[in-house]
Each structure stands twice: as C-alpha cells, then as structure tokens.
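Spelled out from the first residue to the last, the chains are:
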Amino acid sequence: MTDLLLPSKVIICEVGPRDGFQAETVWIPTEQKIRIIKELAKTGVQSMEITSFVHPRAIPQLKDAEEVVRNTQDLTGIKFRALVPNIRGAERAIDVGITKLKLMLSATDSHSISNANRTTEDALNKLEPIIDLAEKRGVGVGGSIAVAFGCPFEGKVPFSRIAEIVQRYSEMGITEVSLADSSGRANPNQVYSMLGELKDRYSKMTFSMHLHNTRGMALANVVAALQQGITLFDSSIAGLGGCPYAPGATGNIATEDLVHALYEMGIETGIDVDSVINVAKDVKQKLGHDGGSYMLQAGPNSQLHIKTESQEKLG
Ligand code: ZN
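A quick note: this is a predicted structure, and the numbers were derived from the prediction, not measured. (Residues numbered from 1 in each chain as written. Predicted model: local features only at pLDDT ≥ 70, side-chain atom pairs only at ≥ 80, totals over all residues. Heavy atoms only, no water.)

## Comments concerning the coordination of the zinc ion
The zinc ion binds to the protein through Asp-19 (OD), His-210 (NE2) and His-212 (NE2), with metal-donor distances spanning 1.9 to 2.1 Å. All donor residues of the zinc ion come from one chain, and their arrangement in sequence is D-x190-H-x1-H. A relative accessible area of 4% means that His-212 is categorised as buried. (Donors = N, O, S within 2.8 Å, 3.2 Å for Na, K, Ca; no water. Buried < 20%, exposed > 50% of the residue type's maximum accessible area, 1.4 Å probe, protein only.)

## Some details on the environment of Val-283
Mapping Val-283 onto the fold places it in helix 12 (residues 273–287). Residue Val-283 is classed as buried on the basis of its relative accessible area of 0%. The sequence separation of Val-283 and Gln-32 amounts to 251 residues, and the corresponding C-alpha distance is 9.6 Å. If near-sequence neighbours (up to four positions away) are discounted, Val-283 is found in contact with Ile-36, Ile-237, Ala-238, Leu-240, Gly-288 and His-289. (Helix = DSSP H or I, 4+ residues; strand = E, 2+ residues; numbered from the N terminus. Contact = heavy atoms within 4.5 Å.)

## Focus: the sheet that holds strand 7 (residues 206–211)
Read around the barrel, 8 strands follow the order 1-2-3-4-5-6-7-8 and close on themselves; strand pairing throughout is parallel. With direction set aside, neighbouring strand axes in the sheet form an average angle of 30°. In terms of strand pairing, strand 7 meets strand 8 (residues 232–235) through 2 bridges, oriented parallel. Bridged to Met-209 within strand 8 is Phe-233. Across the face of the sheet, helix 11 (residues 255–264) comes into contact with strand 1 (11–14) and strand 8 while running at roughly 170° to strand 1. (Pairing = 2+ DSSP bridges. Axes fitted to C-alpha atoms, helices over the stretch in contact; angles between N-to-C directions.)

## Let's talk about unusual backbone geometry
Backbone phi values are negative for most residues with the exception of glycine, while trans is the configuration of most peptide bonds. For Asn-117, which is not glycine, the phi torsion reads 65° and is therefore positive. Residue position: Asn-117 is located in the loop between helix 5 (109–116) and helix 6 (120–125). Although it is not a glycine, Val-147 sits at a positive phi angle of roughly 45°. The class for Val-147 is buried, based on a relative accessible area of 0%.

## Quick word on the pattern of salt bridges
Pairs may arise between side chains of opposite charge once their charged atoms sit close together. The final tally for this structure, using the stated rule, is 17 salt bridges. The partner of Asp-109 in a salt bridge is Arg-161, and the shortest N-O contact between them spans 3.2 Å. Of this pair, Asp-109 sits in helix 5 while Arg-161 sits in helix 8 (residues 159–171), placing them 52 residues apart in sequence. The partly exposed category is assigned to Asp-109, whose relative accessible area is 31%. Look at Arg-161 and you get partly exposed, because its relative accessible area is 26%. Counted as one network, the salt bridges with shared partners bring together Arg-18, Asp-19, Glu-49, Arg-81, Lys-102 and Asp-234. (Salt bridge = Lys/Arg side-chain N within 4 Å of Asp/Glu carboxyl O.)

## Section: helix 9 (residues 188–201)
Its 14 residues place the ends of helix 9 20 Å apart at the C-alpha level, agreeing with the 20 Å of an ideal helix rising 1.5 Å per residue. Looking only at helix 9, the buried set comprises Val-191, Met-194, Leu-195, Gly-196 and Leu-198. Its side-chain oxygen 3.0 Å from the backbone nitrogen of Asn-189, Asn-187 forms the N-cap of helix 9. (Expected span 1.5 Å × (residues − 1). Polar contact = N/O pair within 3.5 Å; in protein donor to acceptor, adjacent residues only side chain to side chain.)

## Some remarks on the packing of aromatic side chains
Enumeration over the complete set of coordinates arrives at 0 aromatic pairs. Positioned above the aromatic ring of Trp-27 is the side chain of Lys-63, whose terminal nitrogen or guanidinium carbon lies 5.1 Å from the ring centre. (Phe/Tyr/Trp six-rings, centres within 6.5 Å; stacked < 30°, edge-to-face > 60°. Lys NZ or Arg CZ within 6 Å of the ring centre and 35° of its normal.)

## Comments concerning the nonpolar core
Leu-101 and Tyr-169 are the most contacted members of the largest nonpolar core, which has 90 residues in total. No other element matches the 7 residues that helix 12 contributes to this core. Those residues in contact with Leu-101, other than ones at most four positions away along the chain, are Ala-82, Val-84, Ala-90, Ala-93, Ile-94, Ile-130, Ala-134, Val-139, Gly-140, Val-141 and Gly-142. (Core = buried A, V, L, I, M, F, W, Y, C linked by side-chain atoms within 4.5 Å.)

## Quick notes on the pairing of strand 5 (residues 140–145)
Counted residue by residue, strand 5 has 5 buried out of 6 residues, so it is predominantly covered. Bridging between strand 4 (residues 100–103) and strand 5 involves 3 bridges; their strand directions are parallel. In the strand pairing of strand 5, Lys-102 is matched with Gly-142. For strand 5 and strand 6 (residues 176–181), the ladder comprises 3 bridges, and the chain directions are parallel. Opposite Ile-145, over in strand 6, you have Leu-179 as the bridge partner.

## Digging into the packing of helix 2 (residues 30–41) against helix 12
Close contact between helix 2 and helix 12 brings their axes to 10 Å; oriented N to C, the two are set at 170°. With respect to helix 12, the element helix 2 is oriented roughly antiparallel. Between helix 2 and helix 12, the contacting residues are Gln-32, Arg-35, Ile-36, Glu-39 and Leu-40 on the first element and Val-279, Val-283, Lys-286 and Leu-287 on the second. For the contact of helix 2 with helix 12, the class distribution of residues is 5 nonpolar, 1 polar and 3 charged. (Parallel < 35°, antiparallel > 145°, perpendicular 65-115°, else oblique. Nonpolar A, V, L, I, M, F, W, Y, C, P; charged D, E, K, R; others polar.)

## Re helix 7 (residues 127–137)
Within helix 7, burial applies to Leu-127, Ile-130, Ile-131, Leu-133 and Ala-134. Down the axis of helix 7, the buried side of the element spans an arc of 160°, and every buried residue falls inside it. Exposed and facing more than 90 degrees away from the buried side of helix 7 are Glu-135 and Lys-136. Where helix 7 is buried, its residues meet strand 3 (79–84), helix 4 (87–95), strand 4, helix 6, strand 5 and helix 8. In the stretch just after helix 7, Gly-138 is the one whose phi turns positive, near 75°. (Arc of directions from axis to C-beta.)

Structure follows, in structure tokens:
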C-alpha cells in the first residue's frame, strides 16, 4: 500500500470573520463578532483574516473593523491579516495595528468592475502605493487573485491572464499570492496543472489557496493542491461566505470539514477537530444558519453509533 505524497503539515487561515461575516445581510453585533473570534482562537488556529477595511458604505457589516481588531489583538499565537481594497483601507488597517495586509484583485475585468469599479489593469496600477506604504510602515503584504479559476461573468479564465498577474505581483516585490476560487468553479485537474505551471515559472513565489465549495469541489481541489505541495489554505467556520452571484449556494470550504479531512489524512493543522466543530455549531446557532458544512450534518468519523438490531439486518 502506498500513500499519496502529501505535505505533513498545513497552515489554515480562518477567513470567517472577513469572508463569512461580509456575506451576512443581518447585522452581527460587534460584541458577537469578537466573541466568535475569541472562540475560534481557542481551537488552535494560527492564522486569521479578521476583517476587511472597506468603505463602511460598501460593506456596512464590516464598519466596525477597527473595534473588532482593537478587541482581539491581545490573542496570542495568532497571525492576523486584513483585506485592504485601497490605500485608505491600508492606512486604517496599519493605524489600528494590523501587521499583514492582503491586497484585492480580480482576474477578469467583468468581476473587477463589478467588485471594485475598475478594470484589472487599473486595479493593478493602484496596488503599488499600498505596497510602498506597507514597506514604509514595516508591515507584510500579500497579493490575491479572485476568480482565478473561473468567473461568474466570463466563465473560463485563460492561464496566460493568471500568469501575467503573478508576473506583475512579483515585479512589485510581492512574494505570496492567494489564488481564489471565489465562485467555486475550479476542478482538481485544473488546480493541479495550474499550480504546477505557476510553481515552475515563479519558483520564489508562495501560493496559497482560497477555495469555495459552491459546486462541491473544494475538498477535491484541496487534495490536488496538496499534491502540488501547497501548505497554505483559507477556510471559513461553518462554511460561511457565499457567492453573491449564486444566492443560496454553499460558501467557503468549512474550516471544520477541512480540519477533519486533513486530520483523517494524517496531516497536521494544529487545530482540534472537536473544538472547531463546537465553534461551528455555536456560530450556526448565533447566525441562524451555516454555509454548508458536512461536519454539522454528519459529524466526524470519530462519532460512532450504537448498532440496533434492525440496522444490523439492513447491514
Ligand atoms: Zn472567498
């Protein structure tokens, strides 16, 4: 018997407080956001995307970004990062003590215009001042490419487009890029081949994966990425975070599903399976729904049932 050749350790970044909360239409009180973040911190998670410093009018749900950050920075052992859509957001993030910024960029013009009101090229040209500011203020900065594996408006995205953006990032001094399957269109073959090609071309770049489970392919895509040696994955508690172009669809890959799957494969995450499931239950109860979570439906493998006689007959 031979195992798949996979990394032995993975770092999960919990993105529920950003990607998950921003998709919630009903206001989540700041106190409740802080409480959920503190509960998540107890599961052993080492990295968290805590909020986005967008204009409060664009996403009212995250208008309390500063307050959330101020009340959670004492949590030790966690690296916090925040999404910054523009220079003003970057200033706000750094002023309140965020030490790692994540840049926002879409692979296609249609998604970029719908999301940020400008083409991909225009958006790329606005990144440099943010990177300069981060350097001046001594904070880290990583790139991202939304809809990297398929766009809800344009469908398939040519690989050349992704390579071009990674090239531009690398010219700007960026060493880490998050590849986002924002509307859950990626398949394992595509993930494997694209990562293989990008790693060949940009051997100094670190790639991380941000996968949505909109079409049930996220876990399969995780395995394809693992086979390419990827060790950085985003996930969201209770699977929160939908796709605005597929209302009612499942969201990000659920943290508890990812942690459970990796645990079953013998891959370390530092996160305790049972405690993360408990936080997911709590989050579902607080928000009144989840975003698609196998653990909340079926429970972990470790949860065995007592066999009754009739079940025995059914086998
Ligand atoms: Zn997302």
